[in-house]
Amino acid sequence: MKMKLKYYMSAILASSVLYAFAQQTDRNVTVEREYKPVIQDAGKISQVPEVTTTDTRKANAEYNEIELPMSMGQNIQILSAADLELEKRKDPAASFVRVGLGNYNINMLDFAMPLVRKADMRLDLKANHFATFGGKDHSNTNASMLFNTYLDKIELFAGLSGGYEYFNYYGKNFNALGQPIDLDSLKSNPNTVYTEQNMLRISRNATDAKLSALQNAPTWNDVWRFNTYFGVRSKEDAKGLRYEASINYNRSDTRLGLIEDKLYTKAGFSNANGKDRMGMDIELQNMFYSSDKLTDSMNVWDSYSVFSMNPYYSFERANWKVRLGVKTSFSFVYGKPFSPSPDIFAEWQAVPEWFAVYGGLTGGYKINSQDVAVSENRYIYPDLRLLDTYTPFYLYAGIKLKPVYNLLIDAYLSYRYIDQQYFFVNKSYTTPTSTSGYTDEKTLYTNMYNAVYSSASLVNIGLRANYNIRNTLNLQLKTVFNNWKTFDTEMAWMKPKFETDITGEYRISRGLNVNASLYYCGERYAKLGTLNMRMKPYLDVNTGVSYTLDNWLTLFIKANNIFNANYDEFYGYRTQGLNYMFGASFAF
């Protein structure tokens with residue numbers, strides 16, 4: 001008890017001493033133009049080069065558009081809120097509300113209002129809600145208040161947010177042959193004892209459960225989230241010393257699982273050295289875990305900390321820039337005690353108007369918090385806590401082309417090595433017993449997910465392109481080939497080899513807009529014991545149209561999965577079919 005008390009006190013003391021960067025928060029809130037919905041479902045591809053900048057500062061908020069992204073997840077193909085692009089308005093301080101309804105009991109509400117809007121001070125209120133039911137239930141509600149103000153030579157910023165997410169475990173269960181089964185209809189002894197498999201021991205061993213307990217397992221779960229931060233940074237036009245520091249507290253609380261408290265502090269500064277800059281970034285992340293359930297049945301981690309520092313030196317000239325640095329992380333209690341990686345980036349604008357080349361060698365240590373895990377796959381087993389991953393090196397190179405004024409092309413190649421890469425697999429149970437008179441299933445694969453780990457390498461070959469005719473046509477393309485190689489598992493479970501993401505929007509007239517998106521996901525495989533279960537490729541096509549009646553009212557309708565594609569995002573979780581939503585946006 002004394003050791004824990006000392007740990008908590010030292011962690012809190014260290015966090016209060018260190019400055020910190022706030023987590024990146026989009027503060028764009030100005031309502032100056034008309035609303036129109038555009039497709040926001042694409043953008044699922046994330047394997048793109050991490051191009052670093054030569055400046056540790058984040059840009060000041062410009063408040064030039066409204067964007068209220070909602071974390072819907074991809075397992076149920078549901079309608080995202082209309083992304084509002086705004087026409088010129090006379091009242092720059094206007095607020096808005098957006099409502100929508102659809103099949104599958106879809107309902108949506110967005111709201112944004114600037115409470116204080118001065119030249120040197122902003123206070124903004126945002127809220128969003130999205131829900132879909134009809135057997136495949138998911139509801140997500142969030143609200144936030146964001147503040148910043150300029151003083152003589154510094155800017156202060158702060159934020160407060162909270163959220164509630166509800167979902168049900170509607171996925172299928174499977175037997176040892178990979179066949180879907182209904183646990184309630186099994187003609188087995190309800191007292192047959194099953195033991196969970198592939199249990200990564202943290203604070204408890206694998207537990208036993210009777211078949212009756214598995215049959216009566218919870219059918220739904222929810223997550224409460226809370227976040228607050230406060231920070232200070234130098235003004236954007238600072239010539240010499242630039243700095244930014246803040247402290248961030250985040251809580252994630254699942255009804256069936258753990259409570260995770262994260263105290264994240266970060267400080268960064270850079271100073272001019274002639275034409276160059278030299279600087280240092282420092283981070284301290286303190287993770288605290290608890291549970292209000294019986295401790296002998298929950299896999300609760302002890303508290304632990306990760307300290308990181310990143311010194312660097314950067315050169316920036318008219319047509320080229322180079323950053324030279326090193327990242328170092330130290331993990332206490334869990335994870336790798338010492339995790340170094342390079343931090344190198346270079347870009348050369350060979351022909352500034354239309355051709356540039358870039359490349360880098362980086363890496364880093366990633367804390368896979370409970371909040372991260374649940375956001376990625378909400379159907380994980382309630383007390384699953386992913387191991388942290390370490391990328392000792394991540395090499396990438398690419399070219400940027402602008403052959404014509406409105407077309408930008410970015411082609412890239414990357415290679416990374418990852419230690420303790422996680423892959424989601426259906427959680428399994430086995431029993432060694434058989435009771436006379438019953439036909440017991442020896443193995444069960446449930447609709448909750450566990451994780452398996454492997455050292456892995458990943459090669460990405462990708463292309464990004466954008467074509468834009470201002471105020472008329474906008475087209476975007478992302479496509480990537482993923483070549484996984486795993487060393488401790490047979491393959492990269494549920495990871496596609498090929499993905500393509502295309503979005504387009506066309507303004508027919510000043511008030512009428514149409515949009516569409518296409519997402520193609522290639523073949524994947526899920527793991528059920530020794531079985532490799534093929535997950536077929538799928539094509540997800542979405543479209544929408546909006547019409548502006550006046551400068552304060554826009555009507556829209558949007559349809560997703562218009563070809564009624566039948567596929568699983570996670571194995572056993574079949575997506576919704578054709579779904580649609582209609583609604584309106586109001587400015588006031």
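Quick notes on the rules
- Residues numbered from 1 in each chain as written.
- Predicted model: local features only at pLDDT ≥ 70, side-chain atom pairs only at ≥ 80, totals over all residues.
- Heavy atoms only, no water.
- Helix = DSSP H or I, 4+ residues; strand = E, 2+ residues; numbered from the N terminus.
- Buried < 20%, exposed > 50% of the residue type's maximum accessible area, 1.4 Å probe, protein only.
- Contact = heavy atoms within 4.5 Å.
- Areas by Shrake-Rupley, 256 points an atom, 1.4 Å probe, with all protein chains shown as cover.
- Phe/Tyr/Trp six-rings, centres within 6.5 Å; stacked < 30°, edge-to-face > 60°.
- Lys NZ or Arg CZ within 6 Å of the ring centre and 35° of its normal.
- Salt bridge = Lys/Arg side-chain N within 4 Å of Asp/Glu carboxyl O.
- Pairing = 2+ DSSP bridges.
- Core = buried A, V, L, I, M, F, W, Y, C linked by side-chain atoms within 4.5 Å.
- pLDDT = per-residue confidence, 0-100.
- 1 Å grid on protein atoms, 1.4 Å probe; cavity = no way out; pocket = protein on both sides within 12 Å on 5 of 7 lines; lining within 4 Å.
- Points joined across faces, edges and corners; volume = space filled by probe spheres on them.
- Nonpolar A, V, L, I, M, F, W, Y, C, P; charged D, E, K, R; others polar.
- Patch = residues over 30% accessible without salt bridge, like charges linked within 9 Å, V, L, I, M, F, W, Y side chains within 5 Å.

With that out of the way, let us pick up the overall build of the protein. The number of helices and strands found in the protein is 3 helices and 30 strands. Among the 588 residues that make up the protein, the fraction classed as buried is 51%. Of all intrachain contacts in the protein linking residues separated by at least 6 positions in sequence, the fraction that spans at least 24 positions is 66%. Accessible surface, the protein as shown: approximately 26900 Å² in total, 59% of it carbon and sulfur.

Once that is clear, we can look at the packing of aromatic side chains. What the rule picks out here adds up to 32 aromatic pairs. Each residue in the set Phe167, Tyr169, Tyr170, Tyr379, Tyr449, Phe570 and Tyr573 is aromatic and connected to the rest through ring pairs, giving one cluster. The ring of Tyr394 carries Arg416 above its face, with NZ or CZ at 4.1 Å from the centroid. Looking at Lys427, its charged tip hangs above the ring of Tyr381, at a distance of 4.3 Å from the centre.

A separate point is the pattern of salt bridges. Inspection of the entire model under this criterion finds 19 salt bridges. Between Glu283 and Lys266 there is a salt bridge, with the nearest N and O atoms lying 3.1 Å from each other. Highlighted residues: Glu283 in strand S13 (residues 276–290) and Lys266 in strand S12 (residues 259–273), separated in sequence by 17 residues. Look at Glu283 and you get buried, because its relative accessible area is 18%. Between Arg464 and Asp410 there is a salt bridge, with its nearest N and O atoms 2.4 Å apart. With Arg464 in strand S20 (residues 443–469) and Asp410 in strand S19 (residues 407–430), the pair connects residues that are 54 residues apart, well separated along the chain. Its relative accessible area of 22% is what places Arg464 among the partly exposed residues. One network of salt bridges, with partners in common, ties together Glu165, Arg225, Asp371 and Arg378.

Where strand S1 (residues 96–102) meets strand S2 (residues 106–118), 7 bridges bridge the pair, whose relative direction is antiparallel. Paired with Val97 across the two strands is Phe111, which belongs to S2. Examined bridge by bridge, S2 and strand S3 (residues 121–132) share 11 bridges and lie antiparallel to one another. Across the sheet, residue Leu109 finds its bridge partner in S3, namely His129.

Grouped together as the largest cluster of nonpolar side chains are 40 residues, with contacts concentrated most on Tyr304, Tyr379, Leu386, Tyr449, Met494 and Tyr571. Listing elements by their share of this core, those giving two or more residues are S13, strand S14 (304–316), helix H3 (370–376), S19, S20, strand S24 (524–528) and strand S25 (531–535). The dominant element in this core, judged by the number of residues it contributes, is S20, at 5 residues.

Checked against the element boundaries, Thr328 lands in strand S15 (residues 320–332). Judged by its relative accessible area of 11%, Thr328 falls in the buried class. The residues contacting Thr328, other than those within four sequence positions of it, are Phe307, Ser308, Met309, Phe338, Ser339 and Pro340.

Here we take up the environment of Cys521. For Cys521, the position within the fold is in strand S23 (residues 512–521). A sequence separation of 25 residues divides Cys521 from Pro496, and the C-alpha atoms of the two residues are 6.5 Å apart. If near-sequence neighbours (up to four positions away) are discounted, Cys521 is found in contact with Pro496, Phe498, Pro537 and Tyr538.

In this section: the confidence of the model for the protein. Summary statistics for the protein give a mean pLDDT of 82 and a share of 81% for residues scoring 70 or more. Here residues 1–45 scores under 50 on pLDDT; set against residues more than four positions off or in separate chains, the count is 178 contacts.

If you walk through the whole model with that rule in mind, you get 4 cavities of 30 Å³ or more. There is about 60 Å³ of room inside the second largest cavity. The wall of the second largest cavity is formed by Phe167, Asn221, Val223, Thr254, Gln370, Val374, Arg378, Ile380, Tyr381, Pro382 and Leu384. Of the residues that constitute the lining of the second largest cavity, the class distribution is 7 nonpolar, 3 polar and 1 charged.

This next bit is on the environment of Ala587. Secondary-structure assignment places Ala587 in strand S30 (residues 579–587). Residues Ala587 and Ala94 lie 493 residues apart in sequence; the distance between their C-alpha atoms is 6.4 Å.

Turning next to a nonpolar patch on the surface. Taken together, the side chains of Leu101, Leu539, Ile557, Ile562, Phe563, Leu578, Tyr580 and Phe582 make up a nonpolar region of the molecular surface, amounting to roughly 730 Å² of accessible area. Note that Tyr580 resides in strand S30. Assessed through its relative accessible area of 37%, Tyr580 is described here as partly exposed.

Once that is clear, we can look at the pairing of strand S18 (residues 389–401). Relative to S18, strand S17 (residues 355–366) is paired through 11 bridges, and the arrangement is antiparallel. The residue of S18 that forms the bridge with Thr362 is Tyr394. Counted between consecutive antiparallel strands, the loop separating S18 from S19 contains 5 residues.

Within the secondary structure, Gly274 sits in the loop between S12 and S13. Note on Gly274: relative accessible area 72%, which makes it exposed. Once the C-alpha coordinates of Gly274 and Phe315 are considered, the two residues, 41 residues apart in sequence, prove to be 9.9 Å apart.

On to unusual backbone geometry, then. Look at Val333: it is not a glycine, yet its phi comes out positive at around 85°. Among the secondary structure elements, Val333 is positioned in the loop between S15 and strand S16 (339–351). By relative accessible area, which is 55% here, Val333 ends up exposed. In this structure, Asn561 is a non-glycine residue whose phi angle is positive, near 50°. Tracing the backbone through its elements, the reader meets Asn561 in the loop between strand S27 (553–560) and strand S28 (568–570).

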